[in-house]
Amino acid sequence: DTGVSQNPRHKITKRGQNVTFRCDPISEHNRLYWYRQTLGQGPEFLTYFQNEAQLEKSRLLSDRFSAERPKGSFSTLEIQRTEQGDSAMYLCASSFEGNQPQHFGDGTRLSIL
Amino acid sequence: DAKTTQPPSMDCAEGRAANLPCNHSTISGNEYVYWYRQIHSQGPQYIIHGLKNNETNEMASLIITEDRKSSTLILPHATLRDTAVYYCIAGNLHNAGNMLTFGGGTRLMVKP
């Protein structure tokens, strides 16, 4: 399968713990996006990378959130000191440059106890 | 990104064509129309996109009105597996950082 891969698919953790998610984009896609989706809502943009550079961040991305894409390939999203409100599906997408469509992974569902 | 308006839900009989409308009356000249769908517990799946001309691929057809203020996604022979939330998005992804702005979408229920 050459689609966007996200791990883990599910994560359950206690409030206050740190969590890290991984995204492997479609190879040769130089753009990588993170979105968050809560129940009953459409996905909301969090941040975006062009190669290894993080070029855009949403106001939704508080200082407890950090994302990296060290070699311009896979990316990680870390949430520190998790809160109940962080419970959501975290989606990763990738694309070529230009007006090419983004292709999404199946997300990581985070549940905070 | 231009705002889009979609009906919250629609039903369609299995085997019939599903026609999903989208209004994007404030779309600008360089903004494309993208359609995605999301089946429960999966990520959004890209369906089709277009700028001015009608487009067709193996999944669907996209009909864009001449004034570009609205469009229709057509699933020619809906199956039960097409039951999903369908999102219409108007935007220009060419510029760095231009993310997809999802609205509420249309929940399509295909019935036997």
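Residues numbered from 1 in each chain as written. Chains lettered and ligands numbered in written order. Predicted model: local features only at pLDDT ≥ 70, side-chain atom pairs only at ≥ 80, totals over all residues. Heavy atoms only, no water.

Considering the state of the cysteines
Moving on, step 1. A full pass over the atoms with the stated rule returns two disulfides over all chains.
Moving on, step 2. The side chain of Cys23 of chain A participates in a disulfide bridge whose partner is Cys92 of chain A; the two sulfur atoms lie 1.9 Å from each other. In this structure, the disulfide formed by Cys23 of chain A and Cys92 of chain A twists by about -70° around the S-S bond and is classed as left-handed. Taken together, the residues span a long stretch of sequence, with Cys23 of chain A in strand β3 (residues 19-24) and Cys92 of chain A in strand β9 (residues 88-95) at a distance of 69 residues. Accessibility classification places Cys23 of chain A together with Cys92 of chain A in one group, the buried group.
Moving on, step 3. With no disulfide of its own, Cys12 of chain B lies closest to Cys22 of chain B among cysteine sulfurs, the gap being 18 Å. (Disulfide = S-S within 2.5 Å. Helix = DSSP H or I, 4+ residues; strand = E, 2+ residues; numbered from the N terminus. Buried < 20%, exposed > 50% of the residue type's maximum accessible area, 1.4 Å probe, protein only.)

Comments concerning the packing of aromatic side chains
Moving on, step 1. This model, assessed by the stated rule, comprises 13 aromatic pairs over all chains.
Moving on, step 2. Residues Tyr35 of chain A and Phe102 of chain B carry aromatic rings whose centres are separated by 6.1 Å and whose planes lie at 90° to one another, so their mutual orientation is edge-to-face. With Tyr35 of chain A in strand β4 (residues 31-37) and Phe102 of chain B in the loop between β8 (84-91) and β9 (106-111), this pair bridges two chains. Of the two residues, Tyr35 of chain A and Phe102 of chain B, both sit in the buried class.
Moving on, step 3. Within the aromatic cluster, the residues linked to one another by ring pairs are Tyr33, Tyr35, Phe45, Tyr48 and Phe104 of chain A together with Tyr36, Tyr46, Tyr87 and Phe102 of chain B.
Moving on, step 4. One Lys or Arg, Arg22 of chain A, reaches over the ring of Phe74 of chain A and ends 3.9 Å from the middle of that ring. (Phe/Tyr/Trp six-rings, centres within 6.5 Å; stacked < 30°, edge-to-face > 60°. Lys NZ or Arg CZ within 6 Å of the ring centre and 35° of its normal.)

Considering the side chain of Ser71 of chain B
Residue and element names in this part refer to chain B.
Moving on, step 1. Looking at the secondary structure, you find Ser71 in strand β7 (residues 70-75).
Moving on, step 2. Using a relative accessible area of 2% as the deciding quantity, one classes Ser71 as buried.
Moving on, step 3. At a separation of 2.9 Å, a polar atom in the side chain of Ser71 contacts the side chain of His24.
Moving on, step 4. Those residues within four positions of Ser71 in sequence are excluded, and the remaining contacts are Leu20, Pro21, Cys22, His24, Val33, Trp35, Leu62, Ile63, Ile64 and Cys88. (Polar contact = N/O pair within 3.5 Å; in protein donor to acceptor, adjacent residues only side chain to side chain. Contact = heavy atoms within 4.5 Å.)

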